[in-house]
Amino acid sequence: MTVPLPKQAYPGRILPVTLPAGPGGTPVTVGGQNALSLAPEGEKPNAAAIGMEVRTGGGDLPPALAKAFECRATDPVSLAGACANDWGAQFLFLSLDGCHPDGGGQPVEEGARIVHEVLAAVSCPVIVGGCGEEETDAKLFPAVAESAGRPVFLSYADEKNYRLVGGAALAYGHGVVAWSPIDINMAKQANLLLSDLGVPPERILIDPLTGGLGYGLEYTYSIVERIRLAGLSGDAMLARPVLCHLGDAWKAREAVDASETSWGDAVLRGRRWEETTGWACLAAGADLLVFRHPGNVEAFREAAWR
Amino acid sequence: MALTALDIYKLLPKTNCKDCGFPTCLAFAMQMAAGKAGIDKCPPASEEAKAALGAASAPPLPRIVVGTGDRAVTLGDEVVLFRHEKTFYHPTAIAISVSDALGDEALEERLRSISALSFERVGQILAVDMVAVRFDSGDPARFAKTASASLARCGKPLLLSGTCAALAAAIREVGASRPLLRPPPGETAAGAALAAAEKLPLAVSARGIEGLAAALAAARAAGATELVADPKPADAAVAVADSIFIRRLAIVHRAQEIAYPTAFDLGQGFPRPFEAACLLLSKYASLLVLDTADPAEIFPLLTLRQNLFTDPQRPIQVDPGIYPIGKISPSSPVLITTNFSLTYFTVRSDVEAAKTPAYLLIAECDGMSVLTAWAAGKFTSESIAALLAESGISGKVDHRTLILPGMVARLSGKIEELSQWRVLVGPQESSALPSYLRRLPPAAFVPVHG
Amino acid sequence: MGDPGKGILRFLPESASVRLSPGDTVLAHAIRSLSPEDLRAGIRLACRCLPLEGEVAVTVLPESRPARLSAYIEGKEMAEDGPFLPLHVVPRKGIPLGAALDAGTSTLAGALIDLRNGSVLARTAADNPQMACGEDLISRIVFGEENPDGFPLLRNLLLTGIEQVISGLVRSSSVEGEIVEVSAAGNTVISHILYGLSPSPVRRPPHRPVLKEYPVKTGKDLGIVSAPSARFRIFPSIGGFVGGDIVSGILASGMHREEAVTLLYDVGTNGEVVLGNREFRIACSSSAGPAFEGGEVACGMRAYPGAIESVRIDPVRLTAEWTVIGGGKPAGVCGSGILDLCAELFRAGLIDRAGRFVPRGRAPFRETDRGTAFVVVRAERSATGADIVFTASDLKSVVRTKAALCAAADALLRAVGLPRDKVERVCIAGGFGNFLDLRSAQTLGVFPPFPMKKFVLLGNASLAGAIGAIRNRKRWEEACTLCSSTDYHDLSSDQGFMELYQRALFIPHTDAESYRGNPLPETAT
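Residues numbered from 1 in each chain as written. Chains lettered and ligands numbered in written order. Predicted model: local features only at pLDDT ≥ 70, side-chain atom pairs only at ≥ 80, totals over all residues. Heavy atoms only, no water.

Draft legend 1. How the structure looks around the interface of chain A and chain B. Each side of the interface is counted separately: chain A has 51 residues, and chain B has 45 residues. Around 4,300 Å² of area is buried between chain A and chain B when both sides are counted, 65% of it from carbon and sulfur atoms. At the junction of chain A and chain B, the tally comes to eight salt bridges. Residue E302(A) pairs with R272(B) through a salt bridge whose shortest N-O separation is 3.4 Å. Joining chain A to chain B, the criterion identifies 16 residue pairs in polar contact (both at pLDDT 80 or more). Secondary structure elements with two or more residues in the side of chain A that touches chain B: α4 (134–147), α7 (217–232) and α9 (266–284) of chain A. Here the element with the most residues in the side of chain A that touches chain B is α9(A); it accounts for nine residues. A class-by-class count of the residues in the side of chain A that touches chain B yields 26 nonpolar, nine polar and 16 charged. (Contact = heavy atoms within 4.5 Å. Buried area = accessible area lost by both parts, 1.4 Å probe. Salt bridge = Lys/Arg side-chain N within 4 Å of Asp/Glu carboxyl O. Polar contact = N/O pair within 3.5 Å; in protein donor to acceptor, adjacent residues only side chain to side chain. Helix = DSSP H or I, 4+ residues; strand = E, 2+ residues; numbered from the N terminus. Nonpolar A, V, L, I, M, F, W, Y, C, P; charged D, E, K, R; others polar.)

Now the structure itself:
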């Protein structure tokens with residue numbers, strides 16, 4: 001009995017995007033495939049890239065991360081070094097949350113200085129995330145874009161601030177992460193706006209907003225699948241690599257609460273909570289995953305279909 | 001692939017006789033196109049229409065039931081490849097293994113830890129569904145005893161993995177509970193004969209899709225009808241590929257010879273079982289067998305399953321209630337809006353942008369936006385007054401001033417009549433909230449006494 | 001607050017009188033937001049006022065209720081009216097006359113017909129006096145529910161308006177005769193009120209009307225003094241939000257007699273859409289607001305003299321040029337002018353695809369308390385003596401309205417599974433439809449991307465259908481079957497609608513590719 005394998009061909013192809021590295025570093029290229037993830041079909045020149053988040057803000061660490069980071073938790077520059085050099089992160093996502101008025105309120109110049117130092121300390125590609133506060137970010141992105149010293153990606157541009165972030169990226173040769181709130185149409189809209197502004201397509205990543213496990217992950221899952229299906233079906237504005245930032249996984253009480261003993265060990269559970277979120281995003285089609293737990297970076301880099 | 005409502009409509013009598021319970025033939029056709037009605041509801045339909053539309057609505061993936069009663073587990077019976085196309089109906093069953101080689105005390109402990117794998121999240125109980133009993137002892141009587149103890153202790157449907165001799169022994173003890181039989185690959189035909197004789201569901205194992213198709217054919221030839229397919233992959237990558245291909249063959253290609261629910265055994269040294277479990281939950285597995293009973297691993301897996309098997313067509317809602325934003329105090333402003341998630345997230349981010357700590361009251365409006373909810377009578381003076389009285393917000397702030405969305409300014413008078421609250425009409429657009437909140441005089445929120 | 005229940009402002013009819021602080025005027029309903037000029041003049045919105053004590057005077061400002069009424073939009077005569085077969089002719093003194101009425105949410109229009117030969121003797125229009133109780137239908141139902149005798153009051157206001165139209169028709173025609181037939185096309189809420197039924201059930205899911213068909217009554221039964229012996233035929237309703245005015249519009253479009261699939265838009269205070277042909281029809285009501293009637297927009301006004309009806313933006317100076325209905329200085333911008341304005345701002349690169357202003361060059365933008373605003377007319381050139389500005393929030397209203405209209409048609413197409421290219425004709429009805437610049441409409445993406453040659457402007461199709469029913473009784477019989485053979489599609493329970501709407505909340509549309517061929521904005525720098 002022969003059963004022909006139902007391999008699926010698509011008319012579209014995801015645009016390859018390269019995150020540039022510093023001197024001596026390895027750039028990260030994602031995209032380029034013409035098939036869905038996981039199924040062994042089509043051409044998949046690049047595996048999903050595994051990165052780590054480094055935050056500049058303080059705040060209590062979940063038990064799982066406190067154990068994994070040990071003493072490096074407070075200093076973003078040395079944590080960045082550990083992520084890139086010891087833990088195998090292919091790229092870093094540097095979140096300047098320390099500049100948020102509620103998160104320490106570091107001056108914008110301080111944020112830009114940390115970016116500069118991290119870029120000097122590591123050679124891997126870097127995505128720089130704003131603090132999430134509109135007015136601060138309006139000053140932060142231009143400052144970071146100017147002082148970065150080498151090309152990075154700025155995260156993120158949405159339909160409100162795309163002129164500012166896209167403009168800063170264009171002026172200094174950076175890339176842009178186009179963000180939208182779990183909505184395929186808004187994802188496309190953000191890309192259209194950036195394209196109207198003249199940002200080259202090979203310098204854009206899509207961030208569809210990643211809900212953590214148990215807290216909206218299913219919406220992200222379906223939006224990533226739909227973005228990917230649309231891109232492979234020929235919608236050029238959506239035929240771009242998708243970045244899933246798993247940070248929200250750590251906002252779940254289930255990932256951090258050590259007092260619920262019936263939920264099992266909080267150190268393992270926290271790690272698994274993030275890992276589960278990551279696998280689901282990978283299955284849906286994500287091209288870049290941003291973790292906080294070093295163990296998960298290892299698990300994903302060793303995954304069988306790479 | 002699927003027929004459109006107009007395609008179906010053209011085959012219907014077009015008499016608007018209403019026998020189907022819908023006002024017109026077109027309305028009925030739209031229900032059929034959405035898979036919510038079948039041609040059997042249309043008595044006057046022609047034989048030609050019944051033939052054409054009956055075949056189109058047959059389920060592409062059969063439905064297999066394991067166990068009995070409330071805890072019976074349904075495998076298969078899915079209609080789409082991607083959950084956004086409709087929904088996934090039957091959550092992947094998770095079975096935790098028990099070896100019949102365990103001593104009595106260890107068995108008891110193992111069954112206790114399996115029973116403990118139950119968690120409550122957002123009003124649902126998440127628990128593992130089945131116990132998979134493995135025949136490791138070489139003694140069919142012991143296997144039967146372990147199966148019996150597992151059923152008695154956990155009350156969950158059983159997956160019985162063992163030789164036909166062991167299965168036959170266990171069936172005598174627990175056959176009435178409708179276990180799923182899983183003979184080794186070499187005993188497919190004998191296992192199928194046993195399943196056929198006992199009218200029990202059978203998991204057919206064979207490596208790869210080709211091998212599986214042959215084994216399934218052999219099982220059918222031996223009389224078994226309720227089948228589950230186990231492609232016995234070597235690792236996670238092969239497992240996911242097999243699972244994707246089998247589902248595609250069933251849904252897209254309607255390849256009946258392979259269109260069965262799938263089962264994967266991720267225990268007994270399967271490499272990287274947690275990774276495989278996450279991916280197979282995402283990609284179509286009907287049943288997973290796991291050796292781990294660690295709640296730190298099972299809880300995230302059950303949560304992923306809960307997420308993915310939620311109906312995606314349900315509007316995205318947030319839970320109604322009180323949401324504090326920033327470092328709130330008893331004099332913080334109180335704003336109200338509906339539980340449509342986009343509305344909530346927009347208002348929330350605009351309040352955050354204002355840097356004014358505030359309470360956001362979320363009203364239950366079936367996930368509708370402010371104007372829609374008002375038009376539908378869900379966001380009314382009465383419902384808002386009731387929320388003010390019942391939400392407990394009065395205990396959190398010492399003032400009695402509510403900021404109402406500008407779109408429903410007209411509700412303000414009545415709210416004031418019905419509650420002890422004063423109403424300030426906020427801006428029409430959420431984006432104007434930052435400047436609105438910053439300009440609010442503190443006197444707007446003076447405490448009330450008595 | 002002092003005594004609850006005393007001195008609280010709610011939506012009050014025009015005649016109600018309460019007093020605020022001396023010198024203050026209060027707008028009775030939130031028809032528009034207030035400009036700084038209004039505030040300086042002591043004008044406030046009733047819904048945003050807390051009276052200090054005692055009674056407050058509520059006035060409906062003249063500019064919110066048009067002082068002057070020009071001839072209301074005429075409907076295109078039906079292409080194929082069939083033989084003359086009047087509904088009902090009884091020999092009486094003088095000429096037997098028929099009156100066709102279009103009872104709209106904001107305007108009541110009528111035509112007088114000579115039943116001997118079918119000729120139209122006169123046409124007239126008047127404001128619907130119910131406007132004082134709320135601009136939209138939901139507001140009126142709420143008014144009826146929340147005020148003692150609210151519905152009887154709404155009914156009396158409607159009857160007053162109808163009397164005014166009928167007597168106007170009789171006055172303006174020189175013939176001696178008696179009105180023996182009246183066909184009235186109105187939305188379900190207005191038809192219910194006219195018939196003396198409560199429209200309350202329409203507001204709540206499943207939005208079903210009390211009655212879909214209204215057995216014939218005489219003018220006397222209904223309480224209409226000016227045509228006591230006339231037989232009133234109220235057009236049947238399809239659903240709660242798709243009423244007899246749409247049935248009448250379908251009649252006028254002729255879609256129910258043709259093989260070709262037609263998409264019919266009725267753009268008024270609400271926007272209704274019907275898709276179909278002689279085999280099937282499906283209708284829905286979009287949640288579009290009245291932005292294209294000049295509502296919901298600060299500088300908006302209805303299409304009366306003094307309204308800007310078309311706009312061009314000078315590509316170099318980036319300032320607006322305009323034409324005014326009746327000439328003279330402009331007082332505001334009407335629907336077609338607003339559409340033109342947005343399309344021109346978009347073409348000039350002053351609006352981005354997300355519907356946000358992009359101030360650039362020397363374009364006349366200024367900050368207002370309602371956000372950034374484009375100055376359409378400077379104070380010295382306006383009839384009001386203040387700048388006529390188009391604000392960021394006005395722009396949002398327009399984008400939302402156009403998105404709701406576009407998505408409604410897409411939702412119907414998807415519900416029946418019909419691809420866009422199978423639609424052979426797109427009819428635009430409603431007051432706005434008459435003056436619409438299709439190029440502007442499609443620059444913004446008001447309608448799905450159909451080729452221009454498929455569009456047909458029908459004008460006031462409800463009135464045209466009502467006239468047709470008076471002239472030809474076959475048409476009336478068709479109307480009576482249309483209400484049950486046309487499906488009502490409830491968008492609020494259509495789970496895909498929000499997504500179609502979100503897609504359309506972009507200029508021209510998120511599926512930008514399908515609008516290719518439409519003019520795109522010049523690159524803004």
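Draft legend 2. Layout of the environment of L288(A). Residue and element names in this part refer to chain A. Looking at where L288 falls in the secondary structure, it is placed in strand β10 (residues 288–291). For L288, a relative accessible area of 0% puts it in the buried group. For the pair formed by L288 and I114, sequence separation is 174 residues and the distance between their alpha carbons is 23 Å. Setting aside residues no more than four positions away along its own chain, L288 makes contact with L19, V30, A49, F91, L205, P241, V242, L243 and C244. (Buried < 20%, exposed > 50% of the residue type's maximum accessible area, 1.4 Å probe, protein only.)

Draft legend 3. Quick look at the pattern of salt bridges. All names here are of chain A. This structure, assessed with the given rule, holds 55 salt bridges over all chains. Among the salt bridges present, the one from E43 reaches R13, with a minimum N-O distance of 2.8 Å. Pair noted here: E43 is in the loop between β2 (28–30) and β3 (49–55) and R13 is in the segment before β1 (17–19), with a separation of 30 residues, a long-range link. Among the ionic pairs, E110 bridges to R113, the shortest N-O distance being 2.8 Å. Here the residue E110 and the residue R113 both occupy positions in helix α3 (residues 108–121), the gap between them amounting to three residues, near one helical turn. For E110, a relative accessible area of 25% translates into the label partly exposed.

Draft legend 4. Examining the environment of R475(C) more closely. All names here are of chain C. Counting through the fold element by element, R475 comes out in helix α13 (residues 473–485). Under the relative-accessibility criterion, R475 is labelled buried at 4%. Taking the C-alpha atoms as reference points, R475 and L211, separated by 264 residues in sequence, lie 21 Å from one another. Side-chain polar atoms of R475 contact the side chain of E478, separated by 2.9 Å.

Draft legend 5. Layout of the domain arrangement of chain C. Per the domain assignment, the segments of chain C are domain 1 (1–64), domain 2 (95–241), domain 3 (257–290 + 398–464 + 473–479 + 486–515) and domain 4 (293–394). Measuring from the centre of the C-alpha atoms in domain 2 of chain C to the corresponding centre in domain 4 of chain C gives 35 Å. (Domains from an automatic or database assignment.)

Draft legend 6. Representation of the interface of chain A and chain C in the model. Of the residues lining the interface, 15 residues belong to chain A; the matching set on chain C comes to 16 residues. The contact between chain A and chain C buries some 1,300 Å² in all, and 43% of this surface belongs to carbon and sulfur atoms. Connecting chain A to chain C are five salt bridges. The partner of E159(A) in a salt bridge is R356(C), and the shortest N-O contact between them spans 2.6 Å. The tally of links from chain A across to chain C stands at ten residue pairs in polar contact (both at pLDDT 80 or more). Among the secondary structure elements, those contributing two or more residues to the side of chain A that touches chain C are α5 (162–172) and α6 (184–197) of chain A. Looking at the side of chain A that touches chain C element by element, the count peaks at eight residues for α6(A). Tallied by class, residues from the side of chain A that touches chain C come to five nonpolar, two polar and eight charged.

Draft legend 7. Inspection of the sheet that holds strand β7 (residues 175–179) of chain A at higher detail. Residue and element names in this part refer to chain A. Reading across from one edge, β8-β7-β6-β5-β4-β3-β10-β9 is the order of the eight strands in this open sheet, with parallel pairing throughout. Unpaired on one side and paired on the other, β8 (204–207) and β9 (243–245) mark the two borders of the sheet. Looking at each pair of strands side by side, their axes are set apart by 25° on average, direction ignored. Taken together, the five bridges between β3 and strand β4 (residues 91–95) define a ladder with parallel strand orientation. Bridged to M52 within β4 is L92. The strands touched by α4 are β5 (126–129) and β6 (153–157); relative to β6, the strand with the most contacts, the crossing angle is about 165°. Packed onto the sheet, α9 meets β9 and β10 and runs at close to 175° relative to β10. (Pairing = 2+ DSSP bridges. Axes fitted to C-alpha atoms, helices over the stretch in contact; angles between N-to-C directions.)

Draft legend 8. Molecular detail of helix α14 (residues 497–504) of chain C. Among all positions of α14(C), only F497(C), L500(C), Y501(C), Q502(C) and A504(C) are buried. Residues of α14(C) that are buried sit in contact with α6 of chain A, α12 (341–354) of chain B together with α9 (392–416) of chain C.

Draft legend 9. The arrangement of the packing of aromatic side chains in detail. The tally for this structure, following the rule as stated, stands at 22 aromatic pairs over all chains. Aromatic pair Y156(A) and W179(A): ring centres 4.6 Å apart, planes at 15°, arrangement stacked. Here the residue Y156(A) occupies a position in strand β6, and W179(A) occupies one in strand β7, the gap between them amounting to 23 residues. By relative accessible area, which is 29% here, Y156(A) ends up partly exposed. When the ring of F88(B) is compared with that of F309(B), the centres are 5.7 Å apart and the planes differ by 50°; the resulting orientation is tilted. Placement of F88(B) in the loop between β2 (73–76) and β3 (93–99) and of F309(B) in the loop between α11 (295–308) and β13 (321–325) is noted, with a sequence separation of 221 residues between them. Each of the two residues, F88(B) as well as F309(B), counts as buried. Put simply, the rings of W263(A), W273(A), F119(B) and F299(B) pair up and form one aromatic cluster. Of note, R121(B) hangs over the ring of Y215(A), and the distance from its end group to the ring centre comes to 5.1 Å. One Lys or Arg, K217(C), reaches over the ring of Y195(C) and ends 4.5 Å from the middle of that ring. (Phe/Tyr/Trp six-rings, centres within 6.5 Å; stacked < 30°, edge-to-face > 60°. Lys NZ or Arg CZ within 6 Å of the ring centre and 35° of its normal.)

Draft legend 10. Examining the side chain of S430(B) more closely. Residue and element names in this part refer to chain B. As for its position among the elements, S430 is in the loop between β17 (422–425) and α16 (433–439). A relative accessible area of 17% means that S430 is categorised as buried. Polar contacts involving the side chain of S430 include one to the side chain of D350, which spans 2.5 Å. Apart from the residues lying within four places of it in its own chain, the contact partners of S430 are T346, V347 and D350.

Draft legend 11. Spotlight on the sheet that holds β17(B). Residues and elements named next belong to chain B. Spatially, five strands are ordered β13-β15-β14-β16-β17 in an open sheet, and the strand pairing comes out mixed. This sheet does not close on itself; its edge strands, each paired only once, are β13 and β17. Across the sheet, the mean angle from the axis of one strand to that of its neighbour is 30°, orientation sign disregarded. Relative to strand β15 (residues 358–363), strand β14 (residues 334–338) is paired through five bridges, and the arrangement is parallel. Following the sheet pairing, T337 is matched in β15 by I362. On top of the sheet, α12 reaches β13, β14 and β15; it is set at about 30° to β13, its chief contact. Its contacts with the sheet put helix α14 (residues 381–390) on β14, β15 and β16 (401–404), and the angle it makes with β15 is roughly 125°.

Draft legend 12. Local environment of unusual backbone geometry. S155(A) connects to Y156(A) through a cis peptide bond whose omega is 10°. In this structure, P508(C) follows I507(C) across a cis peptide bond, with omega equal to -10°. Inspection of the secondary structure puts P508(C) in the segment after α14. Of note, the phi angle at R272(B) is positive, near 50°, even though the residue is not glycine. On the secondary structure map, R272(B) appears in the loop between β11 (263–265) and α10 (273–282). Taking relative accessible area as the criterion, R272(B) reaches 31% and is therefore assigned partly exposed.

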